[in-house]
Amino acid sequence: MTANSGLAEIREILLSYTAPVYIFSHQHPDGDSVGSTVGLYYLLRQAGVRAIPVLPAPHPEIYGFMLGNLEILTPPVDIRGRTAVVLDCGSLQRLGETGQSLEGAARVINIDHHLNNQMFGDYNYVDSRAAAVGQIIYNMFAHDPFPPEAAQALFTAVYTDTGRFSYSNTTSATLASAADLVELGANPQRVYNEIHQNKTQQYYFLLAEVLADMNLSCQGKVASIALNRHLLAKHPVADWELDDLNDYPRSLRGVSVSVILKEVEADTVKVSLRSKDRVNVASVASKLGGGGHYNAAGVTLNMDLAQAQEQVISQIEAELSL
């Protein structure tokens, strides 16, 4: 394994392959994982490399506009003797959550932007300063012929992982790459409509209940929402509909950290952390067994919902030094 390979080196390695290249990502694919997977697929195909995208099912409906008629494989896939490219995935454990193993792979290329990436590839390119893996893929192929499908997918990756270009990871380079992707064929209006104009009525019924029950703690610096199984059964919504739920508690004046706790089954709680200002939620998640980015992180806790909420808030309190 190498500590960190150069972007140009990885590009040349990818373009040299004659055998199929399998592209993998993490469980519960988001806009960056889907967008970077689809973008890399189209760019490799344009260069004459046979690429095979692999995404866990179900694919979020809001990203269907990127997938079109693509043939997408679902893990597990036998990759013995094959090349695997793993995108937006900080650890083998997270990849394993999809049911996928890298055992027997001829080579593994790991491309990511998570702070705590475990550098598990034979070749690794990890840039925690990159706004999205989609931006890394754009940088890798910026001087190559660019199919409009790739531009649309990579724009979506950057758009979603920067919170519509509002998070602290949005830089002048991020905006410049987004502008170039629009020139190359991305349609920002369509991306916005597909992602943000597709909520169901049940989502708003759920939203009305949870906002009324929002909890403030740590001297008003932390706002949390707990979703129990009974509430989710009462108002059934797809996972992708909850992606923006953190925006509501985080938008409160004086709040530095927002927390969404989702009870997925008895004694299993998925926690999503978002922050503004200079609060490192990746550190909070890491201490609880998870990981992520400075202002966006997550963890799964094996305990009941009340215990999970207490532990998370206690850890945030320590991070805030209150």
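Residues numbered from 1 in each chain as written. Predicted model: local features only at pLDDT ≥ 70, side-chain atom pairs only at ≥ 80, totals over all residues. Heavy atoms only, no water.

Sorry, what's going on with the overall build of the protein chain here?
Looking only at helices and strands, the protein chain has 13 helices and 11 strands in total. For the protein chain, the C-alpha atoms occupy an extent of roughly 55 × 40 × 35 Å along the three principal directions. Counting across all 322 residues of the protein chain, residues that qualify as buried make up 54%. Within the protein chain, one finds 22 positive and 34 negative side-chain charges whose respective centroids are separated by 2 Å. (Helix = DSSP H or I, 4+ residues; strand = E, 2+ residues; numbered from the N terminus. Buried < 20%, exposed > 50% of the residue type's maximum accessible area, 1.4 Å probe, protein only. Lys, Arg positive; Asp, Glu negative; His and termini not counted. Charge placed at Lys NZ, Arg CZ, Asp CG, Glu CD.)

Before we go on, may I ask you to explain the pattern of salt bridges in this structure?
Two side chains bearing opposite charge may form a pair once their charged atoms approach each other closely. Taken as a whole, this structure holds 11 salt bridges when the rule is applied. Among the ionic pairs, Arg-11 bridges to Asp-144, the shortest N-O distance being 2.8 Å. In this pair, Arg-11 sits in helix H1 (residues 7–15) while Asp-144 sits in the loop between helix H5 (133–141) and helix H6 (148–161), placing the two residues 133 residues apart along the sequence. Per residue, the accessibility class of Arg-11 equals that of Asp-144, and both read buried. When the shortest N-O distance is used, the salt bridge between Arg-229 and Glu-263 registers 3.6 Å. (Salt bridge = Lys/Arg side-chain N within 4 Å of Asp/Glu carboxyl O.)

Would you explain the packing of aromatic side chains in this entry?
One pair of aromatic rings is described through two measures. These are the centre distance and the angle between the planes. Tallied over the entire structure, the rule returns 6 aromatic pairs. Seen in terms of ring centroids, Tyr-41 and Tyr-42 are 5.0 Å apart; in terms of plane orientation they differ by 70°. Their pairing is edge-to-face. Ring centres of Phe-155 and Tyr-159 lie 6.1 Å apart, and the angle between their planes is 20°; this geometry places the pair in the stacked category. Note that Phe-155 and Tyr-159 are positioned in helix H6 at a spacing of 4 residues, about one turn of the helix. Each member of the pair, Phe-155 together with Tyr-159, is buried. Ring-pair connections join several aromatic residues into one group, and the members of that group are Phe-155, Tyr-159 and Phe-165. Cation over ring: Lys-199 sits above Tyr-203, and NZ or CZ is 5.1 Å from the ring centre. (Phe/Tyr/Trp six-rings, centres within 6.5 Å; stacked < 30°, edge-to-face > 60°. Lys NZ or Arg CZ within 6 Å of the ring centre and 35° of its normal.)

Before we go on, may I ask you to explain the sheet that holds strand E11 (residues 296–301) in this structure?
To summarise the sheet geometry, strands pair through backbone hydrogen bonds and adopt either a parallel or an antiparallel arrangement. The mixed open sheet is built from 6 strands, whose spatial order is E6-E7-E8-E9-E11-E10. In this open sheet, the two edge strands, each paired with only one partner strand, are strand E6 (215–217) and strand E10 (291–292). Bridge count for strand E8 (residues 257–265) against strand E9 (residues 268–275) is 8 bridges, and the pairing is antiparallel. In the strand pairing of E9, Glu-263 is matched with Val-269. In this fold helix H13 (residues 305–320) packs onto E6, strand E7 (222–227), E8, E9 and E11, with an angle of close to 155° to the strand it touches most, E8. (Pairing = 2+ DSSP bridges. Contact = heavy atoms within 4.5 Å. Axes fitted to C-alpha atoms, helices over the stretch in contact; angles between N-to-C directions.)

Would you explain helix H7 (residues 172–183) in this entry?
Structural remark: α-helix, 3.6 residues per turn; residues separated by three or four positions point the same way. Here H7 contains 12 residues, and its C-alpha end-to-end distance of 17 Å stays within 8% of the 16 Å for a straight helix at 1.5 Å per residue. When we look at burial in H7, the residues that qualify are Thr-174, Ser-177, Ala-178 and Leu-181. Relative to the axis of H7, the buried residues are bounded by an arc of 100° and lie together on one face. Turned more than 90 degrees from where H7 packs its buried face, Ser-172 and Glu-183 sit exposed. Among the structural elements, H5 and H6 are those in contact with the buried residues of H7. Note on H7: the residue one or two positions beyond its end, Gly-185, has a positive phi of about 130°. (Expected span 1.5 Å × (residues − 1). Arc of directions from axis to C-beta.)

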